[in-house]
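Given next are the chains, with one letter for each unit.
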Amino acid sequence: MENSIKGLVVVGSQWGDEGKGKIANYLASKADVIVRYQGGDNAGHTVKFNGNEYHLRSIPSGIFYEDKINIMGNGMVINPLSLAKEMNELIEAGYSLDNLVISSRATLDMSYDIELDGLKESKLKDKFIGTTKKGIGPSYTDKAERSSLRMCDFLEDDFEQIYKDKLEEKNALIEFYGGTKISYVNTINDYLKARELIAPHVKETVSFIHNLREENKKILFEGAQGTMLDIDFGTFPYVTSSSVNAGGAISGSGIGLGYVSDCIGIIKAYTTRVGEGPFVTEFFDEKASLIREVAHEYGVNTHRPRRIGWLDLVQLKYSQSVNGFKYGALMLLDVLSVVEEINVCIAYELDGKTIDYLPTSLKEQYRAKPIYKTLKSFKGVDISSLKTYEDLPKEAKEYISFIENYLKIKIVIISVGPAKEQTIIREEIF
Ligand code: GDP
Ligand code: IMO
Ligand code: MG
């Protein structure tokens, strides 16, 4: 394959935590520019860099390469206090952050959004979503309602008044939901302090990205969450509030459609989910616990144990259609060496009928039963130091081929451990 992609989207193909941080960081080494296009600090992207492990929440995974520009796009919701904390952590670790640019059009995720996130969740009682309680839903709600604050408002001379007025309006809502009002006096100084750190990085990013593209720079778009958490295409309402899918890279960055040339789907070798909602291939036996422990499947942000399921090709086919990825990165393959057999879901049984698509109705998704093809695993074989595809045990290759044939994609990256060196590159695409 000709090494010609100039704009590549990295998209989570399942319910998040597929290993996007690792791959975005790897691909960033070949890019000039890295753009996060949606979500906020609900994300937790693990990156191992120079022997250290980092957990990025809002900042793109290319930040460790000081010669690469990292942009937080207009599609993001940004909590200034949490961003300042994340920035300070990286500064303390020795990174200048001179390479960080923040869109003036990004939406602000404020104290009241976080408060309302928690309050709304508690009102939903047994139908709660299991959000990260970072204020994501409320801030995107305000964006859609055209009333949210944006990064450009944060920089205005009268931001203090803007925040005061907004807080008054939101405190009425907080009271309605039975919460405790947020004090302006107790919170404004933290925002002003965060602004000092953030303001020098804020830019009008549409013209900025346009100029970089004109200079023929290679741009990597880093998605957060996963397609099944997409506001339109996910398991609604058990989703996040942003356009996670590859199309979100366009609306969330301002790059024109014609300038994004391809997309790589990040696929965990099994499935995990945090939070509530349907999950057809979920299983609960001791194998699930074993996988959870071996792969340390606990949320980066909330430390919640992740739910475990087998790979679901029906779900992945849907995700492949929505994003149009021709390439895949298969992650955490090493983990499957703890099981004797691997189940792969190839269809669903719904009310006695076999179907090969994801039903829209939540009730139908809960009723759908997985139909599995069982493949042999490579139990006991440590693949975590293998360097080439050819070296992989035959069972691992068969698993990869099975996925490729079903999804009609090429798995170009195989990840066999969390570190950068534990990555098998089958084909360079970027
Ligand atoms: P993201 O949200 O998609 O960036 O993924 P997370 O960082 O939330 O979760 C992925 C987890 O898997 C992290 O702990 C990574 O260090 C780890 N990881 C990534 N790739 C591999 C792999 O190939 N093998 C193993 N064992 N762990 C991996
Ligand atoms: P990364 O980028 C996994 C889930 C939450 C909840 C739902 C809505 O690390 O893959 P929200 O706080 O966004 O309103 O929560 O979405 N969720 C994630 N699950 N990985 C993530 O990000 C997630 N971000 C949100 O658990 O079910
Ligand atoms: Mg994560």
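Owing to the predicted nature of the structure, the values given are computational and were not obtained by experimental measurement.

(A) Highlighting the pattern of salt bridges. Taken as a whole, this structure holds 18 salt bridges when the rule is applied. Put simply, Glu 18 and Lys 20 hold a salt bridge, and the shortest N to O gap is 2.8 Å. Connected via shared salt-bridge partners are Asp 17, Lys 268, Glu 297 and Arg 306.

(B) The packing of helix H11 (residues 313-323) against helix H13 (residues 394-407), seen in detail. Where H11 contacts H13, the axes come no closer than 10 Å and their chain directions differ by 50°. Comparing their axes, H13 and H11 come out oblique. Every pair of crossing elements has a handedness; the one defined by H11 and H13 is right-handed. Residue-level inspection shows Leu 313, Val 314, Leu 316, Lys 317 and Gln 320 of H11 in contact with H13, the latter providing Phe 402, Ile 403, Tyr 406 and Leu 407.

(C) Layout of the site of ligand 1. The environment of ligand 1 is formed by 19 residues, the closest being Lys 20, Gly 21, Thr 46, Asp 334 and Ser 415. One of the backbone N or O atoms of Glu 18 is found 3.1 Å from an oxygen atom in ligand 1. At 2.5 Å, a side-chain N or O of Thr 46 approaches an oxygen atom of ligand 1. Notes on ligand 1: free accessible area 580 Å², of which the protein chains cover 92%. Of the residues forming the shell around ligand 1, the biggest block, 3 residues, is contributed by helix H1 (residues 20-28). The class makeup of the residues in the shell around ligand 1 is 6 nonpolar, 7 polar and 6 charged. Counting contributing residues per domain, the shell around ligand 1 is built from domain 1 (7-103 + 203-263) and domain 3 (266-425), each supplying no fewer than three.

(D) Region of the structure containing the coordination of the magnesium ion (ligand 3). The coordination sphere of the magnesium ion (ligand 3), as far as protein atoms go, consists of Asp 17 (OD) and Gly 44 (O), spread over 2.0 to 2.2 Å. Of this pair, Asp 17 sits in the loop between strand S1 (7-12) and H1 while Gly 44 sits in the loop between strand S2 (33-36) and strand S3 (45-49), and the two are 27 residues apart along the sequence. Gly 44 sits in the buried class, given a relative accessible area of 14%.

(E) Quick look at the domain arrangement of the protein. What the domain assignment reports for the protein is domain 1 (7-103 + 203-263), domain 2 (108-197) and domain 3 (266-425). The C-alpha centroid of domain 2 is placed 23 Å from the C-alpha centroid of domain 1. Tallying the contact residues gives 25 residues for domain 1 and 20 residues for domain 2. Both faces considered, domain 1 and domain 2 share a buried interface measuring about 1,700 Å² in area, 69% of it formed by carbon and sulfur atoms. Taken as a group, Val 77, Pro 80 and Leu 81 account for 30% of the area that domain 1 buries against domain 2, more than any other trio of residues on that side. Of the residues contributing to the side of domain 1 that touches domain 2, the split by class is 12 nonpolar, 12 polar and 1 charged.

(F) Spatial organisation of the nonpolar core. Tyr 163, Leu 220 and Ile 264 are the most contacted members of the largest nonpolar core, which has 61 residues in total. Sorting elements by how many residues they give to this core places helix H7 (residues 184-198) first, with 6 residues.

(G) Looking closely at the packing of helix H3 (residues 111-123) against helix H6 (residues 159-176). Across the interface, H3 lies against H6 with an axial gap of 10 Å and an inter-helix angle of 10°. Judged by the angle between their axes, H3 and H6 are roughly parallel. Across from Ser 111, Tyr 112, Glu 115, Leu 116 and Leu 119 in H3, the residues of H6 making contact are Tyr 163, Lys 166, Leu 167, Lys 170, Leu 173 and Ile 174. Of the residues assigned to the contact of H3 with H6, the class counts are 7 nonpolar, 1 polar and 3 charged.

(H) Expanded view of unusual backbone geometry. For the peptide bond that leads from Phe 236 to Pro 237, omega is 5°, which places it in the cis range. For Pro 237, the location among the structural elements is in the loop between strand S10 (219-222) and helix H9 (248-251). The backbone of Lys 133 sits at a positive phi, close to 60°, despite the residue not being glycine. Positive phi values are uncommon outside glycine, yet His 296 reaches one of about 50°. You can see His 296 is positioned in the loop between helix H10 (286-294) and strand S13 (307-309).

(I) Expanded view of the sheet that holds strand S19 (residues 410-415). In space, the 10 strands of this open sheet follow the order S9-S7-S5-S2-S10-S1-S11-S15-S19-S20, with mixed pairing throughout. Strand pairing shows two members of the sheet lacking a second neighbour, strand S9 (202-203) and strand S20 (423-425), which therefore form its edges. One ladder, built from 3 bridges, connects strand S5 (residues 69-72) with strand S7 (residues 100-103); its direction is parallel. Residue Met 72 lies in a different strand from S7, and its bridge partner there is Ile 102. Sheet strands touched by H1: S1, S2, S10, strand S11 (262-268), strand S15 (327-331), S19 and S20. Its angle to S10, the strand with the most contacts, is close to 175°. Packed on one face of the sheet, H13 meets S11, S15 and S19 and runs near 145° to S19.

(J) Representation of H3 within the structure. Under the 1.5 Å per step criterion, the end-to-end length of H3 is 19 Å for 13 residues, consistent within 8% with the ideal 18 Å. Taken together, the buried positions of H3 are Ser 111, Tyr 112, Asp 113, Leu 116, Asp 117, Leu 119 and Glu 121. Remark: Lys 125 follows H3 within two positions and exhibits a positive phi of approximately 45°.

(K) Up close: the environment of Asp 17. With relative accessibility at 22%, the residue Asp 17 sits in the partly exposed group. Taking the C-alpha atoms as reference points, Asp 17 and Gly 44, 27 residues apart in sequence, are found 7.6 Å from one another. Beyond its immediate chain neighbours, meaning those up to four positions away, Asp 17 contacts Gly 44, Lys 268, Thr 272, Val 274 and Arg 306. At 3.1 Å, the side chain of Asp 17 forms a polar contact with the side chain of Arg 306.

Conventions adopted
- Every chain begins its residue count from 1, and numbering advances along the sequence as written.
- Lettering for chains starts from A, numbering for ligands starts from 1, and both go in the order in which the items are written.
- The model is predicted, so local features are restricted to residues of pLDDT at least 70 and side-chain atom pairs to those at 80 or more, both for listing and for counting; the totals for chains, interfaces and linings are taken over all residues.
- Calculated side-chain values reflect all of the structure's heavy atoms, with hydrogen atoms and water omitted.
- In the sections that follow, a salt bridge refers to a side-chain nitrogen of Lys or Arg positioned within 4 Å of a carboxyl oxygen of Asp or Glu.
- Orientation is described by lines fitted to C-alpha atoms, with helices fitted over the stretch in contact, and by angles between N-to-C directions that extend from 0 to 180 degrees.
- Elements are defined by DSSP. Helices are runs of H or I of four residues or more, strands are runs of E of two residues or more, and each kind is numbered from the N terminus.
- Angle categories: roughly parallel below 35 degrees, roughly antiparallel above 145, roughly perpendicular from 65 to 115, and oblique for all the rest.
- The handedness criterion is simple: a crossing whose near helix is rotated anticlockwise from the far helix by less than a right angle is left-handed, and one whose near helix is rotated clockwise is right-handed.
- Throughout, a residue-residue contact means that at least one pair of heavy atoms, one from each residue, lies within 4.5 Å.
- Nearness of a residue to a molecule or strand requires only that one of the residue's heavy atoms be within 4 Å of it.
- In protein, a polar contact means a hydrogen-donor-capable atom and an acceptor-capable atom, both N or O and within 3.5 Å, with residues adjacent in sequence counting only if both atoms are side-chain atoms; elsewhere, any N or O pair within 3.5 Å suffices.
- Only the protein chains shown count as cover for residues, and all accessible areas are computed by the Shrake-Rupley method using a 1.4 Å probe.
- Three residue categories are used. Nonpolar comprises Ala, Val, Leu, Ile, Met, Phe, Trp, Tyr, Cys and Pro, charged comprises Asp, Glu, Lys and Arg, and polar comprises the others, including Gly.
- Residue ranges assigned to each domain were obtained from an automatic or database domain assignment.
- Water is absent from the atoms considered, so a metal site may look incomplete; donors are defined as N, O and S atoms within 2.8 Å of the metal, or 3.2 Å for Na, K and Ca.
- Burial here depends on accessible area, computed with a 1.4 Å probe over protein chains only, as a share of the maximum for the residue type. Under 20% is buried, over 50% is exposed, and the range in between is partly exposed.
- The quantity reported as buried area is the accessible area (1.4 Å probe) lost by two parts once they are put together, taken as the sum for both.
- Definition used in this section: a nonpolar core is a set of buried Ala, Val, Leu, Ile, Met, Phe, Trp, Tyr and Cys residues joined via side-chain atoms within 4.5 Å.
- Two strands qualify as a pair provided that DSSP identifies no fewer than 2 bridges between them.
- To estimate how far a helix should extend, the number of its residues minus one is multiplied by 1.5 Å.

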